[in-house]
Amino acid sequence: MTFGVLTLIIACGLAGPLVSGASRLAVPVVVGEIAAGVLIGRTGLRAIDTRDATVVFLSEAGFAMLMFVVGTRLPLRDPGLRRAIRRGAIATVLSFAIALPAAWALGQATTINHPALFVLLLATSSSAVVMPILQEGGLTGSGTLRATAWIALADIATIVALPLALEPSRALRIAAGGVAVSAAAGALFVILRAIRRNPVVQALREDSRNRDWALDLRLSLLALFALSALATAFGTSILIAGFAAGMILALAGEPRRLVQQLLGIAEGFFVPLFFVTLGARLNFRALATSQSDVVLALVLVGAVVACHLAIAVVMRMPWPAGLLASAQLGLPAGVVSLGLTGGLLTPGQAAAIVASAIVTLGVSSTGAALLARRLRCDT
């Protein structure tokens, strides 16, 4: 790893905002970042070695930061969301119930004979994608709140279950690591709540605001990487560590300046680096030349959308809410990252999963537009 390689990766990260800003179709930023990685990686120029130890470590740090940001964006302090939790929980259970037979069918029809992986891909949704879409569109109402609760709970459940699904032979150790990380995160939250009103702590935070120490940011990153170190020690995924650290801040109600600082360091460096290197690891040449992998991508998109539409109809939500909830980001990224590292997925299969996830981002944006139109007509 050299400064030249790092410069190339960061420059490729700029493709995300450029592609998103130049498009009238609200293309998500990650699409440009992954595409740039594909160009310089295994599919294209092979300009970076994605097996380099430093590249791998920085990518893992970026993955932890991605899940950190996803966790912070969960609307856990929203009173309306809390009232909708019951119906959201029912929808989440229903997601897994519908995903089970569909996942078995996908396992029989595709080249990945791993039904548990398909269950998670079909049941999941992405709070990190949907919440900004809802905020930008000003979407409110009981139907939206129920959908929000469903999306948040499905996101949490599938992310927690992912390491267990990918490595069932190590389920006991992974589960122990998950419990240890969760317990540590809970202890950190209790400590945070206990010391926030301490006069000494308040004085330090005031000094931090006035003297630009970024103390809250330092402590947040300390919690994130400490939990990641604990997860690594148990051999479990840093996905859970990042998500747990983000949930701590979401529950605590982090100050606005901390949110801006976190977004600056995450979205300005670590997260783009993760998506660029993720794209560099994919092999879209293998996808393009493999009929089975192309079929996998198409079938996966259809199954994800169909499952989410079915749940919206059964739960008596507006049917566009099913399209909105189809968005996938964090979990497919985790599946591909862990699957490639563990040799569970071929580069072509990984590319198919990422391609299907990118398509669901467009489906979700379409669902948000239709939902907004429907809510305007109802009022």
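In case you missed it, the structure is sitting above this.
Since this is a predicted model, take the numbers as computed values, not measurements.

Thoughts on the overall build of the chain
Thinking step 1. Counting its secondary structure elements, the chain contains 19 helices and zero strands.
Thinking step 2. Over its C-alpha atoms the chain spans a radius of gyration of 20 Å, differing by no more than 12% from the 21 Å that the globule rule assigns to 379 residues.
Thinking step 3. When each of the 379 residues of the chain is scored for burial, the buried share is 51%.
Thinking step 4. Nonlocal contacts in the chain, meaning residues at least 24 apart in sequence, comprise 80% of its contacts between residues at least 6 apart.
Thinking step 5. Accessible area for the chain stands at about 16900 Å²; split by element, carbon and sulfur atoms hold 65% of it.
Thinking step 6. The positive charge centre, built from 28 side chains, and the negative charge centre, built from 16, are 7 Å apart in the chain.

Focus on the pattern of salt bridges
Thinking step 1. Tallied over the entire structure, the rule returns three salt bridges.
Thinking step 2. The salt bridge partner of Asp49 is Arg51, with a shortest N-O separation of 3.4 Å.
Thinking step 3. By relative accessible area, which is 73% here, Arg51 ends up exposed.
Thinking step 4. The partner of Arg209 in a salt bridge is Glu206, and the shortest N-O contact between them spans 2.3 Å. One end of the pair is Arg209 and the other is Glu206, both in helix H11 (residues 199-211) and three residues apart, which spans about a single turn.
Thinking step 5. Taking the relative accessible area as the measure of exposure, Glu206 reaches 34% and is therefore partly exposed.

With respect to the nonpolar core
Thinking step 1. Membership of the largest hydrophobic core comes to 93 residues, with the highest contact counts inside it found for Phe118, Leu122 and Phe275.
Thinking step 2. Dropping the residues within four chain positions of it, Phe118 is found in contact with Ala103, Leu106, Gly107, Thr110, Ile112, Leu296 and Leu300.

Section: the packing of helix H7 (residues 115-123) against helix H16 (residues 291-314)
Thinking step 1. Two elements in contact, H7 and H16, have axes whose closest approach is 8 Å; the angle formed by their N-to-C orientations is 55 degrees. The angle between the axes of H7 and H16 places the two elements in the oblique class. Together, Phe118, Leu121, Leu122 and Ala123 of H7 and Leu296, Leu300, Ala303, Val304, Cys307 and His308 of H16 make up the contact between the two elements.
Thinking step 2. Along the lines of polarity and charge, the residues of the contact of H7 with H16 split into nine nonpolar, one polar and no charged.

Focus on the packing of aromatic side chains
Thinking step 1. Scanning the entire structure with this criterion turns up three aromatic pairs.
Thinking step 2. A ring pair is formed by Phe63 and Phe274, whose centres lie 5.2 Å apart and whose planes are at 25 degrees; its orientation type is stacked. On the criterion of sequence distance, the pair formed by Phe63 in helix H4 (residues 53-72) and Phe274 in helix H14 (residues 256-281) is long-range, its members being 211 residues apart.
Thinking step 3. The class of Phe63 is buried, set by a relative accessible area of 3%.
Thinking step 4. Seen from their ring centres, Phe274 and Phe275 are 5.1 Å apart, and the 65 degrees between their planes marks the pair as edge-to-face.
Thinking step 5. Residue class for Phe275 comes out buried when judged on its relative accessible area of 1%.
Thinking step 6. The structure contains a cluster of three or more aromatic residues connected by ring pairs, namely Phe63, Phe274 and Phe275.

Remarks on unusual backbone geometry
Thinking step 1. Phi angles above zero are rare outside glycine, and Arg46 is one such case at about 55 degrees.
Thinking step 2. Here Arg46 shows up in the loop between helix H3 (29-40) and H4.
Thinking step 3. By relative accessible area, which is 53% here, Arg46 ends up exposed.
Thinking step 4. Positive phi, normally seen in glycine, also occurs at Arg316, with a value near 60 degrees.

The rules behind each value
- Residues numbered from 1 in each chain as written.
- Predicted model: local features only at pLDDT ≥ 70, side-chain atom pairs only at ≥ 80, totals over all residues.
- Heavy atoms only, no water.
- Helix = DSSP H or I, 4+ residues; strand = E, 2+ residues; numbered from the N terminus.
- Rg over C-alpha atoms; globule rule 2.2 N^0.38 Å.
- Buried < 20%, exposed > 50% of the residue type's maximum accessible area, 1.4 Å probe, protein only.
- Contact = heavy atoms within 4.5 Å.
- Areas by Shrake-Rupley, 256 points an atom, 1.4 Å probe, with all protein chains shown as cover.
- Lys, Arg positive; Asp, Glu negative; His and termini not counted.
- Charge placed at Lys NZ, Arg CZ, Asp CG, Glu CD.
- Salt bridge = Lys/Arg side-chain N within 4 Å of Asp/Glu carboxyl O.
- Core = buried A, V, L, I, M, F, W, Y, C linked by side-chain atoms within 4.5 Å.
- Axes fitted to C-alpha atoms, helices over the stretch in contact; angles between N-to-C directions.
- Parallel < 35°, antiparallel > 145°, perpendicular 65-115°, else oblique.
- Nonpolar A, V, L, I, M, F, W, Y, C, P; charged D, E, K, R; others polar.
- Phe/Tyr/Trp six-rings, centres within 6.5 Å; stacked < 30°, edge-to-face > 60°.

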